[in-house]
Amino acid sequence: MQTPDSARSYLDLHPEVAAALAEGRPVVALESTIISHGMPYPQNVEMARSVEQVVRDGGAVPATIAVLGGRLKVGLNAEELELLATDKNVQKISTRDLPVTVALRQHGATTVASTMRIAALAGIRVFATGGTGGVHRGAGNTMDISADLLELARTDVCVVSAGVKSILDIGLTLEVLETQGVPAITLGEEEFPAFYSRRSGFKSPLSVQTPAEAARVLKAKWDLGLAGGVLLANPVPHESELPAEEINPHIEQALRDMDALGLTGKDTTPYLLGRIVEITGGRSLDTNIALVRHNAAAAAQVAAEYARLR
Ligand code: PSU
Ligand code: MN
């Protein structure tokens, strides 16, 4: 995807990110909703810092993305990370919100969808997160399908995630990805992972064995003119996993609590993540942090291999 000239004046690239991109060195984008609306303080800002370090240790430059005062920020400093972790005026913003946040010069923590879009404007092709949005349970009635899936269909970025949380309907999520022509590829396993758990009960539509293979898939896809993203699913490490039979009852409990409160729309995912942390006494937070770090390490490898191929 070409960056329209009209978009450039809205972007603030951190000098380190700009230099790496200009020289064709690997860069990994990171999202900010996970900081502002996905984890409590201070674990959120500690996670954000440590994930950037994991990317560096993997030989790539981290570019955490957010909108601050209406500017599209690609690469943040320590104060900006702290602001995202603490300021209650930071909205959760998806692609549909971007023009309003920019025009009204507001702060926004970007979801997978809006982070992908800004990464693409900056020329970044690889992005690490925790979990991606998907088709919510009961979407047949609510129509609640994350914009993350539609962004994957149109924006040329590889998203490395631990799969799809079972707060969602994993089977329907995979169906929507197939319909939209998005490769959902699991790294090193035949089964698609379920965020906290390595197993979802769903066979992965596609698999690769190594980050180098994943990078070759990206090159082939975009060389062929097949527009849109790739979902690279990276199962949570064994030692940090919350097995499905253990976490699923807690997820069911959180979903019942959410229904009782009548929450809908963009508030559902942050509520569920927070409620699951409460119900598990913080264990789900440890798993969440571990899997983001694991994804950042894989994304750095994919970005490095992809940079070599180009
Ligand atoms: N999954 C997580 N933590 C998160 C999210 C997903 O484990 O914080 C966030 C991501 O930013 C994702 C967003 O893009 O939730 C999806 O929100 P929704 O379901 O409203 O589209
Ligand atoms: Mn939604």
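In this numbering scheme, every chain counts its residues from 1 along its sequence in written order. Going through the entries in the order they are written, you letter the chains from A and number the ligands from 1. Only residues with pLDDT of at least 70 are given local features in this predicted model, and only at 80 or more are side-chain atom pairs given and counted; all residues enter the totals for whole chains, interfaces and linings. Each side-chain value is worked out from all heavy atoms of the structure, with water and hydrogens disregarded.

### Considerations on the nonpolar core
The line we're drawing: Only buried Ala, Val, Leu, Ile, Met, Phe, Trp, Tyr and Cys residues count toward a nonpolar core, and they belong to the same one when joined by side-chain atoms within 4.5 Å. Only protein chains enter the accessibility calculation, which uses a 1.4 Å probe; a residue whose area is less than 20% of its type maximum is buried, one above 50% is exposed, and one in between is partly exposed. The contact rule is simple, with two residues in contact once any of their heavy atoms fall within 4.5 Å.
With 101 residues, the main nonpolar core has Val 28, Val 74, Ile 124 and Leu 232 as its most contacted residues. Setting aside anything within four residues of it in sequence, one finds Val 28 in contact with Val 55, Ala 60, Val 61, Pro 62, Ala 63, Val 126, Phe 127, Ala 128, Ala 299, Ala 300 and Ala 303.

### Side note on the packing of aromatic side chains
The criterion, for reference: Classification of ring pairs uses Phe, Tyr and Trp, with its six-membered ring standing for Trp, and accepts pairs whose centres are within 6.5 Å; under 30 degrees between planes counts as stacked, over 60 as edge-to-face, and the remaining range as tilted. Numbered from the N terminus, helices here are DSSP runs of H or I no shorter than four residues, and strands are runs of E no shorter than two.
If you walk through the whole model with that rule in mind, you get two aromatic pairs. Between Phe 195 and Tyr 196, the ring centres sit 4.7 Å apart and the planes meet at 80°, which makes this aromatic pair edge-to-face. Residues Phe 195 and Tyr 196 agree in their burial class; the two are buried. Here Trp 222 and Tyr 306 contribute two aromatic rings whose centre-to-centre distance is 5.8 Å and whose plane-to-plane angle is 85°, an arrangement assigned as edge-to-face. Of this pair, Trp 222 sits in helix H11 (residues 211-223) while Tyr 306 sits in helix H14 (residues 283-309), placing them 84 residues apart in sequence.

### Digging into the site of ligand 1
Counted only if it meets this: It suffices for a single heavy atom of a residue to lie within 4 Å of a molecule or strand for the residue to be listed as near it. A 3.5 Å cut-off defines polar contacts: any pair of N or O atoms within that distance qualifies, except that in protein one atom must be a possible hydrogen donor and the other a possible acceptor, and neighbouring residues in sequence count only when both atoms are side-chain atoms. For accessible areas, the Shrake-Rupley method is used with a probe of radius 1.4 Å. Any residue's cover is judged against the shown protein chains and nothing else. Only Asp, Glu, Lys and Arg are considered charged, only Ala, Val, Leu, Ile, Met, Phe, Trp, Tyr, Cys and Pro nonpolar, and every remaining residue, Gly among them, polar.
Surrounding ligand 1, one finds 15 residues, the nearest of these being Glu 31, Lys 92, Ser 146, Asp 148 and Lys 165. Take Lys 92: an N or O atom from its side chain is 2.7 Å from an oxygen atom of ligand 1. Residue Thr 269 places a side-chain N or O atom 2.8 Å away from an oxygen atom belonging to ligand 1. Protein burial of ligand 1: of its 470 Å² of free accessible surface, 94% is covered by the chains. Within the residue set of the shell around ligand 1, elements represented by two or more residues are helix H3 (33-36) and helix H13 (268-279). Split into classes, the residues belonging to the shell around ligand 1 amount to four nonpolar, seven polar and four charged.

### Digging into helix H9 (residues 147-154)
Of all the positions in H9, only Asp 148, Leu 149, Glu 151, Leu 152 and Ala 153 are classed as buried. Where H9 is buried, its residues contact helix H7 (112-122), strand E8 (158-161), helix H10 (170-179) and strand E11 (230-233).

### Overview of H10
Worth spelling out the cut-off: The directions considered for the arc are those from the helix axis to the C-beta atoms.
Along H10, the positions that sit buried rather than exposed are Ile 170, Gly 171, Thr 173, Leu 174 and Leu 177. Down the axis of H10, the smallest arc covering the buried residues is 160°, so these residues share one side. With a side-chain oxygen positioned 3.3 Å from the backbone nitrogen of Gly 171, the residue opening H10 is Asp 169. Note on H10: the residue one or two positions beyond its end, Gly 181, has a positive phi of about 75°.

### Observations concerning unusual backbone geometry
Here the amide bond leading from Tyr 41 into Pro 42 is cis, since omega sits at 5°, within 30 degrees of zero. Tracing the sequence through the fold places Pro 42 in the loop between H3 and helix H4 (43-57). A positive phi angle, near 55°, is found at Arg 105, a position not held by glycine. With respect to the helices, strands and loops of the structure, Arg 105 is situated in the loop between helix H6 (98-103) and strand E6 (108-110). The residue Phe 195 is not glycine, and still its phi comes out positive at about 65°. Mapped onto the elements of the fold, Phe 195 is located in the loop between strand E9 (184-187) and strand E10 (206-208). Its relative accessible area of 2% is what places Phe 195 among the buried residues.

Shape descriptors only; they carry no functional weight alone.
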